[in-house]
Amino acid sequence: MPAKPAAKVRRPRTAAERTERIQTILEALGRLYPAATCALRHEDAWQLLVATILSAQCTDKRVNEVTPALFRKYPTVLDFAAVSQEELAGDIRSTGFFNNKAKSIIGAARRILSEFGGKVPGTMEEMLTIPGAARKTANVVLGTAFGVPSGIVVDTHVQRIARRLDLTQEEDPVKIEKDLMRLIPEDRWILFSHQMIHHGRSLCVARKPRCFECPLNMVCYAKDKTM
Ligand code: SF4
């Protein structure tokens, strides 16, 4: 059965109303997902970096199925730096795009060993020099492993919800991140990223969002809202 169109929600008209609306969104996300965090299992920053590279075009669930055996087989950065691309690709085959991912992981391990003394670096500038680590990956690792609010993670969920909530009109993830960083207080960047990803998985799903259960309904005027 086709979804019914949603009731009309008034758009904020003044700067004060826009600020109040952001506050409402943050409070609702806070109530919904008070302790949201990264779903990728890891024990340290290096494992999180590997898991995040593996999660491209793959579910966190699948990555979490692959990584326990992977980290048993290659317990250190050194082990990943020494393995052949062919062998590592075979180990991570089920996550998809395994050749590229293996190349990135081995390249990341070698760079971390040669430039950063074997430790994942703690700044965005340094992270962006690591193979396989663009802003999204860097934000996941810096925010979750180090508690550094380097930016906001813009994955497919954040991209979709930010547009639905009219927090951005952009489509490019880097531009969306800039808009979000302007609107969301810095001390909420890390939690906000995880909350948006959780919201995209549970209620604000890509097809037929579950707006009737969503506490953001009163401030959301997305075109594809359902009742
Ligand atoms: S009301 Fe619907 S479209 Fe808006 S944020 Fe909630 S689930 Fe997403």
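No experiment lies behind these values; they were computed from the predicted model shown. (Residues numbered from 1 in each chain as written. Predicted model: local features only at pLDDT ≥ 70, side-chain atom pairs only at ≥ 80, totals over all residues. Heavy atoms only, no water.)

Draft legend 1. Just the environment of Arg 111, in detail. Note on placement: Arg 111 falls in helix 6 (residues 98–115). Arg 111 sits 75 residues away from Ala 36 along the chain, and the two C-alpha atoms are 31 Å apart. Arg 111 has contacts with Phe 116, Thr 129, Ile 130 and Pro 131, leaving out every residue within four places of it along the chain. Of note is the side chain of Arg 111, whose polar atom sits 3.1 Å from the backbone oxygen of Thr 129. (Helix = DSSP H or I, 4+ residues; strand = E, 2+ residues; numbered from the N terminus. Contact = heavy atoms within 4.5 Å. Polar contact = N/O pair within 3.5 Å; in protein donor to acceptor, adjacent residues only side chain to side chain.)

Draft legend 2. Geometry of the packing of aromatic side chains. Here the structure, examined in full by the defined rule, presents three aromatic pairs. Plain terms: the ring middles of Trp 46 and Phe 80 are 5.5 Å apart, the flat faces sit at 65 degrees to each other, and that makes the pair edge-to-face. Separated by 34 residues along the polypeptide, Trp 46 in helix 2 (residues 45–54) and Phe 80 in helix 4 (residues 77–82) bring together distant segments of the chain. Residues Trp 46 and Phe 80 agree in their burial class; the two are buried. Ring centres of Tyr 74 and Phe 80 lie 5.1 Å apart, and the angle between their planes is 40 degrees; this geometry places the pair in the tilted category. The class of Tyr 74 is buried, set by a relative accessible area of 6%. Members of the aromatic cluster, connected to one another through ring pairs, are Trp 46, Phe 71, Tyr 74 and Phe 80. (Phe/Tyr/Trp six-rings, centres within 6.5 Å; stacked < 30°, edge-to-face > 60°. Buried < 20%, exposed > 50% of the residue type's maximum accessible area, 1.4 Å probe, protein only.)

Draft legend 3. Structural view of the pattern of salt bridges. Scanning the model with the defined rule gives twelve salt bridges in all. Between Arg 11 and Asp 166 there is a salt bridge whose closest N-O contact spans 3.7 Å. Of this pair, Arg 11 sits in the segment before helix 1 (15–32) while Asp 166 sits in the loop between helix 9 (156–164) and helix 10 (173–183), placing them 155 residues apart in sequence. A salt bridge links Asp 179 to Arg 182; the shortest N-O distance between them is 2.4 Å. Taken together, the residues Asp 179 and Arg 182, both in helix 10 and three residues apart, mark about one turn of the helix. We classify Asp 179 as buried; its relative accessible area is 14%. Among the ionic contacts, a cluster of salt bridges with common partners joins Lys 61, Arg 62 and Glu 65. (Salt bridge = Lys/Arg side-chain N within 4 Å of Asp/Glu carboxyl O.)

Draft legend 4. Summary view of the site of the ligand. Around the ligand sit Arg 164, Leu 165, His 199, Cys 204, Pro 209, Cys 211, Cys 214, Asn 217, Cys 220 and Lys 225, and those are all the residues in its vicinity. Of the residues contributing to the shell around the ligand, the split by class is six nonpolar, two polar and two charged. (Near = heavy atom within 4 Å. Nonpolar A, V, L, I, M, F, W, Y, C, P; charged D, E, K, R; others polar.)

Draft legend 5. Broad picture of the packing of helix 2 against helix 8 (residues 135–146). Contact geometry for helix 2 and helix 8: axes closest at 10 Å, N-to-C directions at 150 degrees. By the angle class used here, helix 2 and helix 8 are roughly antiparallel. Between helix 2 and helix 8 lies a crossing whose hand is right-handed. Contact with helix 2, carried on its side by Ala 45, Leu 48, Leu 49 and Thr 52, involves Thr 137, Val 140, Val 141, Thr 144, Ala 145 and Phe 146 of helix 8 and no other residues of that element. Looking at side-chain class alone, the contact of helix 2 with helix 8 contains seven nonpolar, three polar and no charged residues. (Axes fitted to C-alpha atoms, helices over the stretch in contact; angles between N-to-C directions. Parallel < 35°, antiparallel > 145°, perpendicular 65-115°, else oblique. Left-handed = near helix turned anticlockwise from the far one by under 90°.)

Draft legend 6. Molecular detail of the environment of Ser 150. Mapped onto the secondary structure, Ser 150 falls in the loop between helix 8 and helix 9. Placed 42 residues apart in sequence, Ser 150 and Phe 192 show a C-alpha to C-alpha distance of 13 Å. With sequence-adjacent residues up to four places away left out, Ser 150 is seen in contact with Met 124, Arg 135, Ala 138, Asn 139, Leu 142, Met 181 and Trp 189.

Keep in mind that these numbers describe shape and distance, not what the molecule does.
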